[in-house]
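Below, each chain spelled out in residue letters.
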Amino acid sequence: MSWTDLAVNGRILIVDDAMENVQVLYQALRDEQEVLFALDGPTAIEIARQQLPDLILLDAVMPGMDGYAVCAALRATPEVQDIPIMFVTALSQPEDETRALEAGAVDFISKPFNVAVVRARVRTQLTVKRQADAMRELTLTDALTGVANRRHFNDTLELEWRRCARSGMPLAAIMIDIDHFKHYNDAYGHQAGDLCLQKVAAAMKQCASRPQDLLARYGGEEFILLLPQEGVAGATAVARRILDEVDALALPHAASPTSSVVSVSMGVAAIEPGESAGADLLIRSADEQLYRAKQHGRNRYCV
Ligand code: GH3
Ligand code: MG
Ligand code: MG
Ligand code: MG
């Protein structure tokens, strides 16, 4: 048995204006894949955005919006632009295939097709997609704590800044720094320090559970929490929860001049994104408040 015989399970969206064509592909794939379908381009784009399939099998000739137009529209839509598209079509000329590949398709299958070949090509694309997803995840994640890394944070900050500017909603951030962490390392060792970072990160992550909230490791023992569409009051409530959750971990810190358990200091800031300032103002404000929290005795937040 070779690797191509292994089932690679994924979610497939079949797009074809003829129901009988959808059925043939459905029969070919249903035992290995979760299969969705759409009978026209606009519906296909809507389903793709909502269901985020791993692969789209796309007919070329359809009334209204044809496959090439669907392909172009998907490629221009951020949340779905990385979903691989495979044309499955009665068209068979080299220029049809070239046009599809140039539009961003990863493969092109002419009808009539061989079912085993379609299945194999689908598996190949799903494997490639899975590898690409894993690679992407690695580039966005902090290896020690599993939360977002600074690169991911910066990208998201710019995105949310623009989104909040468009919608007139505020954007909040909490800068978080573990208190006397150098003493912690000195007292308990670097490995225990690593473990502490993991536990504190996990506890903080629980405090901001909306899908748009993003906790990132900003540097060493410093974290930042981005709270889109949240004002000062909401962000302050989250900071209070973080203070409680970290305290509830009850990680002994006998070397700390502040508290007998591991604690954090936080700076809370919220802003309404606009023309006059950039996203760095939000970070600078949160950083200033963090500095104040440290000055005022640690194990607290300042707003
Ligand atoms: P403060 O309360 O003022 O924040 O004091 P602090 O000791 O926490 O601050 P300082 O910036 O002096 O020290 C941060 C320490 O965090 C020093 C560094 O060794 C430690 N640290 C940074 N990254 C890691 C890491 O990945 N693992 C471990 N174990 N320690 C780390
Ligand atoms: Mg058709
Ligand atoms: Mg610190
Ligand atoms: Mg620090």
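Rules and cut-offs
In this convention, every chain numbers its residues from 1, walking through the sequence in written order. Here chains are named by letter from A upward and ligands by number from 1 upward, in the order in which they appear as written. For this predicted model, a pLDDT threshold of at least 70 governs which residues receive local features, and a threshold of 80 or more governs which side-chain atom pairs are given and counted, while totals over whole chains, interfaces and linings are taken from all residues. Think of the side-chain values as coming from all heavy atoms in the structure, minus any hydrogens and water. Two strands qualify as a pair provided DSSP detects at least 2 bridges between them. Note on conventions: DSSP H or I runs of at least 4 residues are helices, E runs of at least 2 residues are strands, and numbering of each starts at the N terminus. Should any heavy atoms of two residues lie within 4.5 Å, those residues are considered in contact. Only the stretch in contact is used when fitting a helix axis, every axis being a line fitted to C-alpha atoms; angles between N-to-C directions are given from 0 to 180 degrees. Water is absent from the atoms considered, so a metal site may look incomplete; donors are defined as N, O and S atoms within 2.8 Å of the metal, or 3.2 Å for Na, K and Ca. Between buried and exposed lies partly exposed: a residue is buried under 20% and exposed over 50% of the maximum accessible area for its type, with that area taken using a 1.4 Å probe on protein chains only. Near, as used in this document, describes a residue that has one of its heavy atoms within 4 Å of the molecule or strand being considered. Between N or O atoms, a polar contact is any pair within 3.5 Å; within protein, one atom must be a potential hydrogen donor and the other a potential acceptor, and residues adjacent in sequence are included only when both atoms are from side chains. Surface accessibility in these figures is a Shrake-Rupley result with a 1.4 Å probe; residues are shielded only by whichever protein chains are displayed. Each residue is assigned to one of three groups, with Ala, Val, Leu, Ile, Met, Phe, Trp, Tyr, Cys and Pro labelled nonpolar, Asp, Glu, Lys and Arg labelled charged, and all others, Gly among them, labelled polar. Here the term cavity refers to a set of points on a 1 Å grid, laid over the protein atoms alone, in which a 1.4 Å probe fits but cannot get out; the term pocket refers to an open set having protein on both sides within 12 Å along at least five of seven lines, with lining residues being those that place an atom within 4 Å of a point. Grid points are joined across faces, edges and corners, and a volume is the space filled by probe spheres set on the points.

Colleague: Help me out: how do you make sense of the sheet that holds strand E8 (residues 222-228) in this one?
Modeller: Hydrogen bonds between backbone groups are what pair the strands of a sheet, and the pairing can be parallel or antiparallel. Spatially, five strands are ordered E7-E8-E6-E9-E10 in an open sheet, and the strand pairing comes out mixed. A single partner strand is all that each edge strand has here, and the edge strands are strand E7 (214-219) and strand E10 (301-302). Helix H6 (residues 150-167) rests against strand E6 (171-178), E7, E8 and strand E9 (264-271) of the sheet, and its axis sits at about 130° to E7.

Colleague: What am I meant to see in the coordination of the magnesium ion (ligand 3) here?
Modeller: Six octahedral donors around a metal ideally subtend angles of 90 or 180 degrees, whereas four tetrahedral donors ideally subtend 109.5 degrees. At this site the magnesium ion (ligand 3) is bound by Asp 177 (OD), Ile 178 (O) and Glu 221 (OE), with donor distances of 1.9 to 2.2 Å. Sequence spacing among the residues donating to the magnesium ion (ligand 3) works out to D-I-x42-E. Here the magnesium ion (ligand 3) and the magnesium ion (ligand 4) are spaced 3.6 Å apart, linked through Asp 177, which binds each one. With Ile 178 in strand E6 and Glu 221 in the loop between E7 and E8, this residue pair connects regions lying 43 residues apart in the sequence. On the accessibility criterion, Glu 221 (21% relative accessible area) is partly exposed.

Colleague: Which parts of the structure should I look at to understand the site of ligand 1?
Modeller: The environment of ligand 1 is made up of 16 residues, and the closest members are His 180, Phe 181, Asn 185, Asp 194 and Arg 217. At 3.0 Å from an oxygen atom of ligand 1 is found a side-chain nitrogen or oxygen belonging to Glu 221. Across the complex, the protein chains shield 67% of the 650 Å² of accessible surface that ligand 1 would expose by itself. Those elements that provide at least two residues to the shell around ligand 1 are E6, helix H7 (181-188) and helix H8 (190-205). Here the shell around ligand 1 gets four residues from one element, more than from any other, and that element is H8. Residues belonging to the shell around ligand 1 are distributed by class as follows: three nonpolar, five polar and eight charged.

Colleague: Explanation requested: the layout of surface pockets in the structure shown.
Modeller: Here the idea is plain: a probe the size of a water molecule rolls over the atoms and shows the empty space left. Considering only enclosed or pocket space, the largest pocket measures out at about 1400 Å³ in volume. Looking at the largest pocket, it is lined by 38 residues, and the ones nearest its centre are Pro 78, Glu 79, Arg 136, Leu 140 and His 152. Elements with a minimum of two residues in the lining of the largest pocket: helix H5 (115-140), H6, H8 and E7. Split into classes, the residues belonging to the lining of the largest pocket amount to 18 nonpolar, seven polar and 13 charged.

Colleague: I would appreciate a short explanation of unusual backbone geometry in the present structure.
Modeller: Leaving glycine aside, a negative phi is the common case for residues, and trans is the common case for peptide bonds. The amide bond that connects Lys 111 to the next residue, Pro 112, takes the cis arrangement and shows omega of 0°. Within the element layout of this structure, Pro 112 appears in the loop between strand E5 (107-110) and H5. Here the phi dihedral of Gln 229 falls at roughly 55°; this positive angle occurs in a residue that is not glycine. One can find Gln 229 in the loop between E8 and helix H9 (232-249). A residue is classified by how much of its surface remains accessible, and Gln 229, at 33% relative accessible area, is partly exposed. One non-glycine residue, Asn 299, adopts positive backbone phi at about 50°. Mapped onto the fold, Asn 299 is located in the loop between helix H10 (279-295) and E10. Of the residues examined, Asn 299 reaches a relative accessible area of 30% and is grouped as partly exposed.

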